[in-house]
Amino acid sequence: MSSLNNDRKIILAALKNGYHLTEEALEILRRLEDPIRILNILIEHLKKTDPHRVVLDAEFVEMLIRQTTKLHESQPIHEEESPIYPEVQIIQHYPENVAIEGRLEEFYRYFHSRYIKLRKILEERGIKFVPLSEITRMRKDQDAAAAVMILNKKDTEKALIFECEDPSANTTVFVPKKAGEVFTKAEMVLVDCVVGMKLRKTNNAILVQDIIQPDVPVNQKHPSLGPDAYMCLISDIHIGSKNFRKDLFESFLDWINRGRDGEVKKIGYVALCGDLVDGVGIYPGQEKELEVVSINEQFNIAAKFLSEIPERIKLIYLPGNHEPVRKVLPQPPVSGIYRKILENKRELIFISNPAKILIGNRLIYLYHGQSLDDLIQAIPNVSYSTLHENIGKILEVMLQTRHLAPCYGQNTTILPLENDPLVIEDVPDMLCTGHVHVTGVKSYKGVLIVNSGCWQEQTSFQQSSGLKPTVGTSVLVNLADMSTKIKFFS
Ligand SMILES: [Fe+2]
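What you see is a predicted model, and the numbers here were worked out from it, not measured in a lab. (Residues numbered from 1 in each chain as written. Predicted model: local features only at pLDDT ≥ 70, side-chain atom pairs only at ≥ 80, totals over all residues. Heavy atoms only, no water.)

## Here's the deal with the layout of surface pockets
Looking at the second largest pocket, its volume works out to about 620 Å³. If you trace the second largest pocket, you find 25 residues lining it, with Asn321, His322, Asp373, His435 and Phe461 closest to the centre. Residue contributions to the lining of the second largest pocket peak at three residues, all from helix H15 (residues 460-465). Of the residues assigned to the lining of the second largest pocket, the class counts are seven nonpolar, 13 polar and five charged. (1 Å grid on protein atoms, 1.4 Å probe; cavity = no way out; pocket = protein on both sides within 12 Å on 5 of 7 lines; lining within 4 Å. Points joined across faces, edges and corners; volume = space filled by probe spheres on them. Helix = DSSP H or I, 4+ residues; strand = E, 2+ residues; numbered from the N terminus. Nonpolar A, V, L, I, M, F, W, Y, C, P; charged D, E, K, R; others polar.)

Right under this line is the structure:
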């Protein structure tokens, strides 16, 4: 229908009931998804509350929309119609009280655990590994494979040189730049990762013949149907920041309550992957960029917003680097006073970062994504300014290395627990992250990978690094077939 026809219908609907619409009021109604239906609701309400009014101006129409919306919210129509969706089962989760003493042995134990877990994944590929100590004793032209952790990577004029180790020994191996496909694979090998290497002894060196990443198996997923429900992924809302796009987040809340697309009525879960609030004292000079300088107040505002997400939807919340919890991974769930503030307004499922959950038969890793900063530095040819094209490729590296934070000792701090909690031990149906404020969706060997964008305009830091955030988006995932839709809000 043309916009002129549409306008005429709106004006006639008002006139038929004895009301005159101003041009500005028409403009407001024109922007609604179903203006005639809304206008009729407004008129019905108006006849009861203000029977003598004949002119509908913009201010009055806006006020009426707000009032009637509240009336409709209080009607439990959707609640009665809501199907019952599977409960969220938390499979792996990290509480607050995991303590370390900071001894060297704890770090040794941590890396040993990382090595053993990743070696086991590599062995599942059917490769037979020998200890590195045997490789160093090989005769000229002998071949063998080893599972090694990369201690150092050096780029020289003619070769990439890796210093590697396993529990038996450490040694140096070479990948000549003329090695073609092997060199391409070698470029993607990151320090602190565990890989399989097929090695050959030459006169005076050990050459890499092939590199095997732990990776996920090809087409490993059974094409079974999951629950007939949608999961809506959001993150990085940053309430309290001057750059928080309250208007867009309100549009999102409006949509999740009143959206008319088929999917919205079938949303059973919202996963909020960290940075709900902007926090306080997160980086030097942050106070200049804060609209709300009290962390309690930030949570009060957040609680009010989240309370608008319909109760029928299960709301899952994990912390990010802006939440008031331990910064070291794994981060415990938000707790104490902040949890109480949120829970006073609405029920939430508080989980750690990262966490592994199961919904029906869908296994999902939820992770804020702090290590993405390190991966952007470590992976060749990616940068903040090219994130829109590369976010999928970067997330793939987590699956290829089977680790959520493959590079150790950079920006991402990790608690050296006895069992490395960041190894992706089970192949998930979906890996969801946030943190870098750029929306990206990709399928990698049957695993859906999603980064869910943000609700905060470009910060000064992002401007200096050339990062253009995707502001005001959510990603909808159909858990039945894992198809996705990106929803943009304006
Ligand atoms: Fe963020």
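## Examining a negative patch on the surface
Together, Glu24, Asp57, Glu59 and Glu62 make up a negatively charged patch on the protein surface. Here glutamate 59 is to be found in helix H4 (residues 58-73). Glutamate 59 sits in the exposed class, given a relative accessible area of 65%. (Patch = residues over 30% accessible without salt bridge, like charges linked within 9 Å, V, L, I, M, F, W, Y side chains within 5 Å. Areas by Shrake-Rupley, 256 points an atom, 1.4 Å probe, with all protein chains shown as cover. Salt bridge = Lys/Arg side-chain N within 4 Å of Asp/Glu carboxyl O. Lys, Arg positive; Asp, Glu negative; His and termini not counted. Charge placed at Lys NZ, Arg CZ, Asp CG, Glu CD. Buried < 20%, exposed > 50% of the residue type's maximum accessible area, 1.4 Å probe, protein only.)

## Notes on the packing of helix H11 (residues 295-306) against helix H12 (residues 336-345)
Contact geometry for H11 and H12: axes closest at 8 Å, N-to-C directions at 25 degrees. Classified by the angle their axes make, H11 and H12 are roughly parallel. Note that H11 runs across H12; the crossing there is right-handed. Along its contact with H11, which presents Ile295, Asn296, Phe299, Asn300, Ala302, Ala303, Lys304 and Leu306, the element H12 presents Ile337, Tyr338, Ile341, Leu342 and Lys345. For the contact of H11 with H12, the class distribution of residues is nine nonpolar, two polar and two charged. (Axes fitted to C-alpha atoms, helices over the stretch in contact; angles between N-to-C directions. Parallel < 35°, antiparallel > 145°, perpendicular 65-115°, else oblique. Left-handed = near helix turned anticlockwise from the far one by under 90°. Contact = heavy atoms within 4.5 Å.)

## Examining the coordination of the iron ion
Those donors, Asp236 (OD), His238 (NE2), Asp275 (OD) and His437 (NE2), are the protein atoms that reach the iron ion, and they lie 2.0 to 2.3 Å from it. Coordination geometry of the iron ion: the four donor atoms subtend angles of 87 to 178 degrees at the metal centre, consistent with an arrangement described as irregular. (Donors = N, O, S within 2.8 Å, 3.2 Å for Na, K, Ca; no water. Tetrahedral: all angles 85-135°; square planar, octahedral: opposite > 155°, others 65-115°.)

## Things to note about the domain arrangement of the protein chain
Here the protein chain is partitioned into domain 1 (3-75), domain 2 (88-96 + 219-488) and domain 3 (126-212). For domain 2 versus domain 3, the separation of C-alpha centres amounts to 36 Å. Each side of the interface is counted separately: domain 2 has nine residues, and domain 3 has six residues. For the domain 2 and domain 3 pair, buried surface summed over both sides reaches about 600 Å², with 74% attributable to carbon and sulfur atoms. Applying the counting rule to domain 2 against domain 3 returns one residue pair in polar contact (both at pLDDT 80 or more). (Domains from an automatic or database assignment. Buried area = accessible area lost by both parts, 1.4 Å probe. Polar contact = N/O pair within 3.5 Å; in protein donor to acceptor, adjacent residues only side chain to side chain.)

## Section: unusual backbone geometry
Leucine 329 connects to proline 330 through a cis peptide bond whose omega is -5 degrees. Mapped onto the secondary structure, proline 330 falls in the loop between strand S11 (314-318) and H12. Asparagine 353 connects to proline 354 through a cis peptide bond whose omega is 0 degrees. Following the sequence through the fold, proline 354 ends up in the loop between strand S12 (349-350) and strand S13 (355-359). The backbone of aspartate 192 shows a phi angle near 80 degrees, a positive value even though the residue is not glycine. Classification of aspartate 192 by relative accessible area gives buried; the value is 13%. Residue histidine 437 is not a glycine yet carries a positive backbone phi of 65 degrees. Locating histidine 437 in the fold gives a position in the loop between strand S15 (430-433) and strand S16 (439-444).

## Some thoughts on the sheet that holds strand S17 (residues 447-452)
Strand order across the open sheet formed by six strands is S3-S13-S14-S15-S17-S16, with mixed pairing between neighbours. Two strands bound the open sheet, and with one partner strand each, they are strand S3 (88-92) and S16. Neighbour to neighbour, the strand axes of the sheet diverge by 20 degrees on average, direction disregarded. In the sheet, S3 pairs with S13 via four bridges, with the strands oriented antiparallel. Bridge pairing in S13 places glutamine 89 opposite leucine 358. (Pairing = 2+ DSSP bridges.)

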